[in-house]
Amino acid sequence: MRKVIIPFLLLAMVCRLSAQSGKDIMKDPVPVAMFQVTYALELPAMDTKDMYGLTNTLGGGFVYKTGSNWLFSAIGSLVFGNKVKGDRISIFGEGITTVDGEIIGGSGSMSELAIDQRGMLLLAEVGKLFPYGRNPNSGFFVQGGAGFLRNRIRVDFQETMLNTPYVVEGDYQYGYDRMRGGAALHFETGYLYLSDTRLLNLSIALEMTYARTRDFRDYDFRVFTNPETGVMEPVGPTDPKKRYNDFYYGIRVSWNIPTYQRQPEIYYYN
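Residues numbered from 1 in each chain as written. Predicted model: local features only at pLDDT ≥ 70, side-chain atom pairs only at ≥ 80, totals over all residues. Heavy atoms only, no water.

As for the pairing of strand S3 (residues 70–81)
Two faces belong to every sheet, and in a regular strand the side chains alternate between them. Rules: Think of it in three bands: with a 1.4 Å probe and only protein chains considered, a residue is buried below 20% of the maximum accessible area for its type, exposed above 50%, and partly exposed in between. Helix and strand assignments follow DSSP, with helices taken as H or I runs no shorter than four residues and strands as E runs no shorter than two, numbered in order from the N terminus. The pairing criterion is simple: DSSP has to find at least two bridges between the two strands.
What you see with S3 is a clean split: Leu71, Ser73, Ile75, Ser77, Val79 and Gly81 sit on the buried side and Trp70, Phe72, Ala74, Gly76, Leu78 and Phe80 on the side with no burial. As defined by bridge partners, S3 adjoins strand S4 (residues 113–131) across 12 bridges and the pair is classed as antiparallel. If you follow Ile75 over to S4, its bridge partner there is Leu123.

Looking at unusual backbone geometry
One non-glycine residue, Asn69, lies in the positive phi region at around 70 degrees. Secondary-structure assignment places Asn69 in the loop between strand S2 (55–65) and S3. Non-glycine residue Arg178 carries a positive phi angle of around 50 degrees. Its location among the elements puts Arg178 in the loop between strand S5 (139–157) and strand S6 (180–193).

What about the packing of aromatic side chains?
Filter applied, for reference: Each aromatic pair joins two rings of Phe, Tyr and Trp (for Trp, the six-membered one) with centres within 6.5 Å, and gets the label stacked for planes under 30 degrees apart, edge-to-face for over 60, and tilted for any other angle. The criterion is that NZ of a Lys, or CZ of an Arg, lies within 6 Å of the ring centre and within 35 degrees of the ring normal, and then a charge sits over that ring.
A full pass over the atoms with the stated rule returns eight aromatic pairs. Ring geometry for Phe140 versus Tyr191: centroids 5.2 Å apart, planes at 75 degrees, classification edge-to-face. A residue pair is termed long-range when its members are at least 10 positions apart, and Phe140 in strand S5 and Tyr191 in strand S6 qualify at 51 residues. Judged by its relative accessible area of 46%, Phe140 is partly exposed. With a centroid separation of 6.3 Å and an interplanar angle of 20 degrees, the aromatic rings of Phe148 and Phe216 are classed as stacked. Of the two residues, Phe148 sits in strand S5 while Phe216 sits in the loop between strand S7 (202–215) and strand S8 (219–225), which places them 68 residues apart along the sequence. Residue class for Phe148 comes out partly exposed when judged on its relative accessible area of 27%. Feature note: the residues Phe92, Tyr176, Tyr219 and Phe221 constitute an aromatic cluster, connected by ring pairs. Residue placement shows Arg180 over the ring face of Tyr244; its charged tip is 4.1 Å from the ring centre.

Some thoughts on the nonpolar core
To be explicit about the condition: What we call a nonpolar core is a set of buried Ala, Val, Leu, Ile, Met, Phe, Trp, Tyr and Cys residues that are connected through their side-chain atoms within 4.5 Å. Residue contacts are counted whenever heavy atoms from the two residues lie within 4.5 Å of one another.
Counting residues in hydrophobic clusters, the biggest one holds 20 residues, and the most contacted among them are Phe92, Leu149 and Ile153. Among the secondary structure elements, those contributing two or more residues to this core are helix H2 (88–92), S4 and S5. If we ignore the near neighbours within four places in the chain, the residues touching Ile153 are Met51, Tyr52, Val84, Ile91, Ile115, Asp116, Tyr176, Asp177 and Arg178. Among the nonpolar cores identified, the runner-up in size contains 11 residues, and Met34, Val63, Leu71 and Leu194 belong to it.

A look at the sheet that holds strand S10 (residues 244–258)
Quick note on the threshold: Axes, fitted as lines to C-alpha atoms, cover a helix only where it is in contact. Angles between the N-to-C directions of the axes lie from 0 to 180 degrees.
Reading around the circumference, S1-S2-S3-S4-S5-S6-S7-S10 is the order of the eight strands in this closed barrel, with antiparallel pairing throughout. Neighbouring strand axes in the sheet, compared pairwise and without regard to direction, differ in orientation by 25 degrees on average. With 19 bridges joining them, S4 and S5 adopt antiparallel strand pairing. Counterpart to Leu129 in the pairing with S5 is Phe141.

What to know about the pattern of salt bridges
How we decide: A side-chain nitrogen of Lys or Arg and a carboxyl oxygen of Asp or Glu constitute a salt bridge if their distance falls within 4 Å.
Evaluated as defined, the whole model comprises seven salt bridges. Across the pair Arg154 and Asp156 runs a salt bridge, and its minimum N-O distance is 3.8 Å. Classification of Arg154 by relative accessible area gives partly exposed; the value is 23%. We classify Asp156 as partly exposed; its relative accessible area is 35%. When the shortest N-O distance is used, the salt bridge between Arg180 and Asp246 registers 2.8 Å. Of this pair, Arg180 sits in strand S6 while Asp246 sits in strand S10, and the two are 66 residues apart along the sequence. For the pair Arg180 and Asp246, a shared accessibility class is recorded, and that class is buried. Within the structure, one salt-bridge network assembled from shared partners comprises Asp116, Arg118, Arg154 and Asp156.

Notes on empty space enclosed by the protein
Defined as follows: Cavities and pockets were defined on a 1 Å grid built from protein atoms only: a cavity is a group of points that admits a 1.4 Å probe but offers it no way out, a pocket is an open group of points flanked by protein on both sides within 12 Å along at least five of seven lines, and a lining residue is one with an atom within 4 Å of any such point. Grid points are joined across faces, edges and corners, and a volume is the space filled by probe spheres set on the points. Under the scheme applied here, ten amino acids are nonpolar (Ala, Val, Leu, Ile, Met, Phe, Trp, Tyr, Cys and Pro), four are charged (Asp, Glu, Lys and Arg), and all others, including Gly, are polar.
If you walk through the whole model with that rule in mind, you get four cavities of 30 Å³ or more. By volume, the largest cavity is sized at about 210 Å³. Lining of the largest cavity is provided by 21 residues; of these, Gln36, Ser73, Gln143, Glu188 and Ser254 occupy positions nearest its centre. Every element with two or more residues in the lining of the largest cavity is listed here: strand S1 (32–46), S3, S4, S5, S6, S7 and S10. In terms of residue count, the dominant contributor to the lining of the largest cavity is S3 (four residues). Tallied by class, the residues present in the lining of the largest cavity amount to eight nonpolar, nine polar and four charged.

Here it is, written out as C-alpha cells:
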C-alpha cells in the first residue's frame, strides 16, 4: 500500500508547488506540472513494416517543466492499427483456413473476423525547452528516453452460439497473435506552447521509437506446406534467441492540462 501512496503524494506535492508559483507564465519562466493527453500517427519501418501498416498511439501521462526549462515526462500509450500485412493464410496458416483464407465457424459457415494491431508503449523521458518569442515558457524542445514496447495481432469476432470460430477462440488465439516486445528508445523534437489558460497548451513533435524485441509466445500454431516435401509442417516453437528491430516514426500532437492558476488581471485606477 505504501508503494502506491508515496508516488501519489509526491505528484500532489509537485502540482501544489507548481500552482503556487505566483508568477505570470506569459512573462516569467516558471515550473509547471502538467497532465498530458497525446496522439501520434506513425509509419512502421525495419522489421515492423513486414507486419503492420499505418499505426496510431493514444495515451496520457505526466510532464513536469522546471523553472530552468528542463522537461521530465512519464507517458503510457495504447498502440493500434487496422492494417496487418499479409493475407489470412499467412496470418493463420494453412491448417485452419480454407483455400481462400477463410475460417469456418462452429455452424459450418464462414466466420466474420476483424484482424488488427494492438500493443502498448511505456516511456520515461528527459528533455530541454529552448524558449522562442516573448513567452519564456514556450518554444522548441528536444526530448529522449527509454521504456517498453509490445505488439501483437488481435483477432476480433462476434461470438455466437452456433458460429463461433473455436480454432482462434480463448487461449488458442495466443498461438497466432505473434506477440513480441522489448526495451525501447524514443526521441522527439517539436514545439511546445504554454499560455495562462488551461485550454490552449499544446505541443506538436516529430518522433521516432526503436525497440529491440523478442517473441513473447513459446509456440507458433501456424501450419504451412513445405515446398520441398509437399507435407504440411508447423512453425513450432519460437526461437528464444531471435531478436527483431521494431521501428516507428511519425508526428505527435499533445494537449497539456497544467496545474497552475491563471494570473488575475491587474487594473490601475487614478
